[in-house]
Every structure is written in C-alpha cells, then in structure tokens.
Amino acid sequence: MSELFDDDPHDAPPRRPSTRARWLVISGVVLVLFFFALTTFASLYTDGLWYHSVDFDSVFGTLFWTRTILFVVFGLLMAAAIAVPVWLAYRARPFFHPADDHGGLERYRDAITPIRTWLLVGVAGISGIFAGVSGAGRWRTYLLWRNGVPFGSKDRFFHRDVGFYVFDLPWWHYLVNFALTALILATLASLVVHYVYGGIRLGGAVRDRISRPAGAQISVLVGLVLALKAVDYWLDRFDLVHDSGPVLDGIGYTDDHAVLPGKNILIGISVICALLFFANVWRRSWQLPSVGIGLLLVSAIVLGLIWPAIVQAFQVKPSQSDKERTYLAANIAATRAAYGIDDVETVAYKPTADASATSAKALDNAASSVPVADPVWVRDEFEQIQQGRSYYTVAPELDVDRYDIDGHDRALVLGVRELKQSGISTSDRTWTNLHTVYTHSNGVVAAYANQRGRADATEHADTQWAEGRDDSDLTAGQKNVQDQVYFGEDSPDYSIVGRPAGAKSVELDYGSNEGQQTTTYAGKGGVPIGSTFRRLMYAIQYGSANFLLSERVNDDSKVLDNRTPQQRVEKVAPWLTLDDDAYPVVEDGRILWVVDGYTTTDRYPQSASDSFAAMTNDARPTTSGTQTVPTDEINYMRNAVKATVDAYDGTVHLYAWDDSDPILKTWEKAFPGVVEKKADIPAALLPHLRYPEDLYKVQRYQLAKYHVTDAVDFLNANDQWSVPDDPNNPNHQQTPARMFLPGASGDSTWSITSAFTPLSRQNLAAVMTVDSDATDPKNYGKIRVLTGFGQGTAGPGMISNTFRTDSRIADAIARFSRSASSAAWGQVLTVPTASHGLLYVEPVYASPLSGSGSNYQRLAYVLVSYDGRVGYGRTLGAALSNALGGGTAGQGGQQSGNGGQGTGRSSGQGSGTGQTQGDHDTQVRSLLAQAQQLFDRADAAGRSNDFALREKLMQQAEAKVDQALELLNK
C-alpha cells in the first residue's frame, strides 16, 4: 500500500525532526500508553478476581467480551469510514497545482507531506477509539436487542409488539446515528483533503472549482448521508409513541395528523435528494442537488416545526377534549399498565370516627400496633445507647420490618451496627489500623415500633429494646448466631483479612461487656492475595504500596472490597435499577441485606414518562437509587428481582420476583444462570420480602393523576390528587409508612401506606395501601385506594398545623425539652382503623430538661387527632385518653382508679387520690434529687469505661425525671 502514498513530484523534500526530539516524543507516548495499559489491566484483572470470588464469572465474561467486541467493531468501522475516503481523496488529487495559489495552501502541503501517513493513522485511530468507547458503552442496548423477547401486547397506532420499541428500536437508532456520524466525518475529512491538495478550489472559473474525482466522491458521500437520513426519519416515526407532547406523552392529535405525515414526506424528499447526488456522479451539475438540499431544509422546518404548531394552535386547542380524547385514552391505559396500577381496587372507606361513641381503651386496642417510634428521630437514641464503641454507628434512617416474637407478628425498628472509621481517634488512623484492624462491626439493634415490650401489653414512654446490648428477643432461639458485619452500608472501601497459622488475631471485635476482643475473618468471601503478582495488581488498583510492603499482608490474606450491598448487587446485575434502601433481615442466625431490583425503561409506547428522582423524592435522608436508564426519565417499572447479600461473607443471590416481566426474561437470556428461580427463596426469608418503597412511591406518584380513567375528566384535571409534602420538610413528598392495617382479606396485614390530598388543597382525598405480606402470594402487592372522605376530612398538613398551634401541646413540649425550638416533629401517620374510622398519630422528639444527662432526641409526647379532638401524652394510650376525655397527658392509658402506668421497664401504681400542691412539689424535688444522684453515678461509670453500668444508671435516672414530669403535668 506504500505506493498509494508516494510523494508528489512537485513536493519539496521533507524536513525531518531531529533524532533526539523524535525519541523524546516516542518515549513520552510509550510511557503514557504503558501507564494507561497497566492501570487498565490492573482494573480488569482485579475485577475478574472479584467476580470469581462471588461465583459470577459468567457476568464478567459476558460484560468483558461484549464490550470488547463492540469496541473493536465500532472502532474499526469508524477508523475505516474516515481512512478510506481520505485515502481515496488523496489518490484522486490533481498532480499539477494551479499557479495562482493565493491561499497559501502550498505551505500546508509542505507541512503535511512528511507526516501525512502518521496524520491519517492518528486521526482515524483517535476517531476509532472514541467510536469504540461509544460502542462499548452501548452494551445494554445491544444485549437487549440481541436477546429481546415479545411483550405479548401491541401499541395502538403502529400495531407492533411493545418489545420492538423497548428492545429493537434503540439499537437501530444507534446504528443509524453511528453511520450518519461516520459518513459526515468522512465527508468533512474528504473535503479538507480535496481542498488542501487542489481538488476543490474557492477561486478561478466555476467549471474548474471542483475536480471530477472530488465531485464524484463528495456526491456519493452526501448521497449516502441523505439516504441514511431517510432511514432516520422512518425510525423517528416510531419514536412518536413515547415522545413528550404539550398534553400527553405518546402520539397525540397533532402527531397523528401533522408530525407523522410530515415525517413520511421528509422520507420521500430525502430519498429524492440522495438520488440526485448519486446521479451527480455522471451529470456533474450541482444545481439540482443544491435545490434538493434547499427543499429538504425548508421542508424540515415547515413540516417539522411550523405546520405542527399551526395544527396545535388552530385545530387542537379550540376543541382539545374532542381532538385528544382517543389519544389520551390510549395514554391512560398504557400508563396504568406500564406502572402496574391497572388493577387497583378502589374501596369506599365506611368506618366513621365518632369520639362520643368510642372509648379510649377500644381505640387504643385498635391502634395497638401503630408504629409510634419514628425511624428517623429514634436513630440518635439507637446510636447513643446501643453504639458500644465510638467507631460504631447506625444508618441515618432505620428500617421497619416485622418479626415473629412469641408467635405474634411485631413491627420492629431496626438498624445494623455499622463501622464508622471517622470515629477512630486521629492518631490511630494509620493504614494498618484502617485496613487490617478496624475491619467490621457487630450486630443488629432493634426496638419495638409500638413502644410495647415483648409481651405487647403495656405501653412505655421509653424505647423498648428487642435486640441490643442487653436484649436478644430477635435472635432468641436462633443457633450459631453470626453477627459480624463485614459487608454493610458504611463498610470501608477495602479491608485485608486473614492470618497465618499460629499468628494472633488483629481484627477488633465488639465483645459487649466482655471488653476488647480480636477475631479473624473466616468467611468464604474475599479475594486471596497470597501471590506477589496479585498484591502488585491491588497496589496499582488502590494506589497503595502497603499491599507489597506491609507485614499484615501475608500468604493467607484476602482483600474484601465492593462491600456495600448496593455495590455488590450492582456489579453482578448491572442491568438493574436498585432501590435506595437496602434493609437488614435477621434469620437463621445470620444477617442478610435485601435489595430490591427494578427493570425500567423509558421506551414503553404511550406511557407517561417522569423523572425517577422526582417520583421517589421524599423526606427520607437518602438519595435515589442506582439507575441504568440513560436518562432519569422512566415510563415502565417492575420489581423484577429480590437480591440478598450476606453481611458476613458477602454472598450474593438474585431471585426472580416478577418472573412474567419481559425485560427480566431478556436479561436472563443475556446472563443465563445468574438469576435464581422464585421457588429457591428460603422459606425463612420470605416473610421479610416486603413491597419495595421506591416502586410504591413511583406508583403513588402516577396514581395521583392516573386514578382518573375518563379521558375528558383527566384532561380537565377533574378529581386530580397530589402526594402531600411532608409537613416537617417542605418540597419533599411524605414518606410512606409501614404498619399493620386491614388487608384485602379483612385481617390485619403488613402494609405500606400514605395519603393523597386534592390537587393544590390540604384536605384528605384518599389513602393508598399495599399489602406487603410476601407469604400471601394471592394478596401481596394488592393496591387498595380508600376513598369517600368528606371535604372536611383533614389531610396530614392540616393535622400537623393543628398540633403545632395547640397551646397545651406547646406548653407540654416546653416543659419537657431543654429548648422548645429543638423539638423534632415526627411523621404524621394516617391510620384507617378497621371499625373506628381515621386516627392521626404524630410522635414528637426533644432533648430532655437540663440535668438529665441525655444529649440526644428522645420521645417526648405522642400526639393524636380523632374526630376533631386533639390529645397528647407520653404514650399512645395516654394521648387517646387525653383526647377523648377522662385522662391526662401522663404516662399510661389508665387514668382513673389505680392511676397511670409507670415509666421505663417498671410499672408504678399511683394512689388515684388527690394530693395537695405541697405534696406534688415535695415529690418532684425528691425525684429530681434521686435522678441527679443516678446521673452522677452514671458519669462516674462512664469515666471508668463501664458503659453497661452507665446505660443502666442513665435509664433509671431518666425514669425518675419522667415521673417528676408526670407529676408536674397533673
């Protein structure tokens, strides 16, 4: 091929750079390429080791080879698409340059000539690399196209299977766009070469401006661009079914009667223009091709912009209901199907709240399972009391799950005790400590959500622990409990574990009251790094020479990395969109993380598209889940997979949950054997597989509009709802709550629930509940919307405002709290009871009065609203008694006769007789004095590092303070 690049006989002798400069440049390039290749290889090599360690080698192989093949194929195609036309343009150059070269092109030719081969290779190579990277990044699109299965339903307008739009159309678009880009770049590069070497001249006679070879090549290239543009217009027709319009997503009246015909016309014009350019290879007249290009541009503007705007303004808007009704009906049906809200059961809620006919005791029994403990605000108490070590913490928001305690389903607030390396003293934050000593945390902390202890009989104002330093209700009866957490939401980036035989353990382990202990990881997870080569690769991967130099890295060492549950699931199933909230499950003596995985797309025809982040944005202190859709917009969602991650050894399991989902079936074809069958889910795990929160919030967001199924009513926004903002966190939707509610079967069912309000109003419109009991496949996931509330029924915002403006509540919080302004208002719970009507509950947290020794928020009062009556108390029962009359805001629900319940874990009995103010004052002073003595003893125990005794004394002291406050409130 060397003769193709022979020197032009008129070219001047090339001026070659000096040998030293050339070698310096070559050396620099080689070093950069070597460094890039080494880091890339280290990343791929360690990635392969990680996939092997979790038994997902097939995922790594599929991803690696798919990306590699796409990179090579598209890189070579782009390089060839640029190199071949440039080579042809150079070969077709005129060998005699005109004498009137006024543009100084001779200088450019002289500069290019010595390096023209390298320049061509460089331009084509760089373009190929960029194209290859782009192609490799389209591995999801390719695999979906290659393995797509039918949806079994067709769109209303083109009558194609939905799978065509979800799996096939995106790949065909990419191929056409890639080809267009390659041809446009090839055309531009050819124009440059022809211009530099005289094939195209900007001066001189008209007939001599473009040489015959240059004209032929440019005509062919432009003709191919126009032919591909015709194909692009043809594919664009199908995009109309998921494009956003002024009224709805999908095809509307204007699309059907203006845009779609316009696309068809543009296809014909593009084909005609392409033929004119192909004919120009022989005709050598640019007049007709130029007219054709002008016609195409004008037609694109008129047919693509002006004419649709005219139709929309003068035909659609004057009679929008008539024009859009058919298309909106298709949009409503498709949206409800795409988001899984087409089988919603709407129920007229019949029970009516009647304070005059309902006793506080009966209502308390009906609401005995209401989760009073707020998962956000109780978190600080979890950390302070159950932390155990300064370098342990819990998640910003705790999880709520149900567990069988003594044969009864109980709602628990729980969190994993996580390792927080920022809590380690600065002097101890060495590489050795951070990566070989502080490697894990221990255990789960749990409390009863309804503030009732194990017996579920007596309400308490203080937290009733189910699992912690001195409690084990949750793990009682479980054998061989493995509570070490090496894989958690706050685990370090990587840890090095393992020791030679006979060596001492160095990993710090939480030993409860037994003092400092050490242990050695013995799980099957982790990558062995006994060989020097592997240590070198990890040293490059993590930028630390300690992998090679530290004595803590030995022949028996393993490296634990990719340690958060989301990271591990994302790597083995990169095609899933993950729920933001991984929650822990304690079963069979092990801690498992459960992560909900979704299949999503933004290509479902006629379905409404919205931002995933906007739909899931609520008051929770977290971010939206991991996304796989190219944009944040989705218009289809299914909870396809339930994933588990073992907190000790990191084992990952993917279980098919919605095995009828076509997108899941497609990915199962692409990654065979990766997703296990639904029947393989362990029986002990099944009760804890809850209805996922992000899916609920997306469905709630869409149901606020798409519960209306009549097209005209929808268009007029009749009866449109909205998800209310959290009263305590404006501009964030209210977080759904998990509790036991009357289910589809009529029995108390583990559910997820939240309220709707009318659009731009604050009264209650509806309550959405979803059965979340995975052991009941018939009713699991059943969405029920409770309606029929009157205009005067208050919504969560109105209830919150009522609580905040009640003078009695404000005074009570001020007496309890160090500062009334520091009170933390919990979530307003809308509770539709089975037979007593609606009940509203809101916990309030505050720091106790000075001298209590507590520097964290604790439950101050429970607020209730029932049938327009407001009450408050230290417990739900006390608040209901206060609201319905006959009770105070004291500790217990029994307010007469024998008095109220005591605080803490003990139950004191009041005399029930009247007392003078002097007696009250004396008792209050005595109780506070006793409390101060207990606080002093607790401080002394803390200084002696006897934290168990300190916590017991603190609880006793706080109980004394509670008793004093109860007396003050009487």
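Not measured: the values here are computed from a predicted model. (Residues numbered from 1 in each chain as written. Predicted model: local features only at pLDDT ≥ 70, side-chain atom pairs only at ≥ 80, totals over all residues. Heavy atoms only, no water.)

Draft legend 1. Seen up close, the overall build of the chain. Helix and strand content of the chain: 25 helices and 33 strands. Counting the 970 residues in the chain, one finds 54% classified as buried. For the chain, long-range pairs separated by at least 24 residues make up 69% of all intrachain contacts whose partners lie at least 6 apart in sequence. Just so you have it, the chain exposes about 42,000 Å², and 56% of that area is on carbon and sulfur atoms. (Helix = DSSP H or I, 4+ residues; strand = E, 2+ residues; numbered from the N terminus. Buried < 20%, exposed > 50% of the residue type's maximum accessible area, 1.4 Å probe, protein only. Contact = heavy atoms within 4.5 Å. Areas by Shrake-Rupley, 256 points an atom, 1.4 Å probe, with all protein chains shown as cover.)

Draft legend 2. Focus on the side chain of Arg 563. Relative to the helices and strands, Arg 563 is located in the loop between β14 (558-561) and α16 (565-572). With no salt bridge to any partner, buried Arg 563 finds its closest opposite charge in Glu 507, at an N-O distance of 7.4 Å. If we skip the residues at most four places from it in the chain, Arg 563 touches Thr 439, Tyr 486, Phe 487, Gly 488, Ser 491, Pro 492, Asp 493, Tyr 494, Ser 495 and Arg 568. (Lys, Arg positive; Asp, Glu negative; His and termini not counted. Salt bridge = Lys/Arg side-chain N within 4 Å of Asp/Glu carboxyl O.)

Draft legend 3. Looking closely at the pairing of strand β27 (residues 766-771). Extensive coverage of β27 is indicated by the burial of 6 of its 6 residues. Across the two faces of β27 the burial is the same, with Ala 766, Met 768 and Val 770 and Val 767, Thr 769 and Asp 771 all buried. Looking at chain direction, β27 and strand β28 (residues 783-787) are connected through 4 bridges and run antiparallel. Its bridge partner being in β28, Met 768 is matched across the sheet by Val 785. (Pairing = 2+ DSSP bridges.)

Draft legend 4. Seen up close, the pairing of β14. What you see with β14 is no split at all: Lys 558 and Leu 560 on one side and Val 559 and Asp 561 on the other are buried throughout. Here strand β10 (residues 494-497) pairs with β14 via 4 bridges, running antiparallel. Counterpart to Tyr 494 in the pairing with β14 is Asp 561. Of the strand pairs in this sheet, strand β13 (residues 527-528) and β14 are connected by 2 bridges, and their pairing is antiparallel. Residue pairing for β14: Val 527 is matched across the bridge by Val 559.

Draft legend 5. Summary view of the sheet that holds β14. Read across the sheet, 3 strands follow the order β10-β14-β13 without closing on themselves; strand pairing throughout is antiparallel. Where the open sheet ends on each side, the last strands, each with one partner, are β10 and β13.

Draft legend 6. Here's a closer look at the pattern of salt bridges. Considering all chains together, one arrives at 27 salt bridges under this definition. A salt bridge links Arg 690 to Asp 581; the nearest nitrogen and oxygen atoms lie 2.8 Å apart. Residue Arg 690 is found in the loop between α18 (662-670) and α19 (693-706), and its partner Asp 581 is found in the loop between β15 (577-578) and β16 (583-587); the two are separated by 109 residues along the sequence. The buried category is assigned to Arg 690, whose relative accessible area is 3%. Taken together, the shared-partner salt bridges in this structure form one network comprising Asp 618, Glu 693, Asp 694 and Lys 697.

Draft legend 7. Here's a closer look at the sheet that holds strand β3 (residues 399-405). Within the open sheet, the 4 strands sit side by side as β3-β4-β7-β8. Their pairing is antiparallel. Of all strands in the sheet, those with a lone pairing partner are β3 and β8 (465-467), marking the two edges. With direction set aside, neighbouring strand axes in the sheet form an average angle of 40°. Alignment of strand β4 (residues 408-416) against strand β7 (residues 444-448), held across 5 bridges, turns out to be antiparallel. Note on β7: the bridge partner recorded for Val 416 is Val 444. (Axes fitted to C-alpha atoms, helices over the stretch in contact; angles between N-to-C directions.)

Draft legend 8. The arrangement of the packing of helix α5 (residues 139-147) against α18 in detail. Viewed as axis vectors pointing N to C, α5 and α18 meet at an angle of 95°, and their least axial separation amounts to 9 Å. Here α5 lies roughly perpendicular to α18, going by the angle between them. Taken together, the residues of α18 that come into contact with α5 (itself represented by Trp 139, Arg 140, Leu 143, Leu 144 and Asn 147) are Thr 666, Trp 667, Lys 669 and Ala 670. Residues of the contact of α5 with α18, tallied by class, amount to 5 nonpolar, 2 polar and 2 charged. (Parallel < 35°, antiparallel > 145°, perpendicular 65-115°, else oblique. Nonpolar A, V, L, I, M, F, W, Y, C, P; charged D, E, K, R; others polar.)

Draft legend 9. Highlighting the confidence of the model for the chain. Per-residue confidence for the chain averages 86 on the pLDDT scale, and 88% of its residues sit at or above 70. pLDDT under 50 marks residues 1-5. Its contacts with residues more than four places away, or in other chains, come to 10 contacts. Here residues 891-919 scores under 50 on pLDDT; set against residues more than four positions off or in separate chains, the count is 52 contacts. (pLDDT = per-residue confidence, 0-100.)

Draft legend 10. Molecular detail of the side chain of Ser 550. Tracing the sequence through the fold places Ser 550 in the loop between α15 (546-549) and β14. Note on Ser 550: relative accessible area 13%, which makes it buried. There is a polar contact of 3.1 Å between the side chain of Ser 550 and the backbone nitrogen of Arg 552. (Polar contact = N/O pair within 3.5 Å; in protein donor to acceptor, adjacent residues only side chain to side chain.)

Draft legend 11. Just the environment of Val 196, in detail. Looking at the secondary structure, you find Val 196 in helix α6 (residues 162-196). Along the backbone, Val 196 and Arg 109 are 87 residues apart, and their C-alpha atoms lie at a distance of 6.8 Å. Ignoring sequence-local partners within four residues, the contact set of Val 196 consists of Leu 105, Arg 109 and Ile 112.

Draft legend 12. Structural detail: unusual backbone geometry. Of note in the backbone geometry, Asp 456 takes a positive phi value of approximately 60° without being a glycine. On the secondary structure map, Asp 456 appears in the loop between β7 and β8. Exposure remark for Asp 456: the relative accessible area of 31% places this residue in the partly exposed category. Located in the positive-phi region is Asn 562, a residue other than glycine, with phi close to 50°. Here Asn 562 is to be found in the loop between β14 and α16.

Draft legend 13. View of the UniProt feature "transmembrane region" (unreviewed entry) in the chain. UniProt tags residues 23-44, 64-90, 117-137, 171-197, 218-235, 265-282 and 294-314 as "transmembrane region" (unreviewed entry). In residues 171-197, helix accounts for 96% and strand for 0%; the two terminal C-alpha atoms are 39 Å from one another. Segment residues 265-282 splits into 100% helix and 0% strand. End C-alpha atoms: 27 Å apart. (UniProt positions renumbered as here; feature names shortened; annotations may be inferred.)

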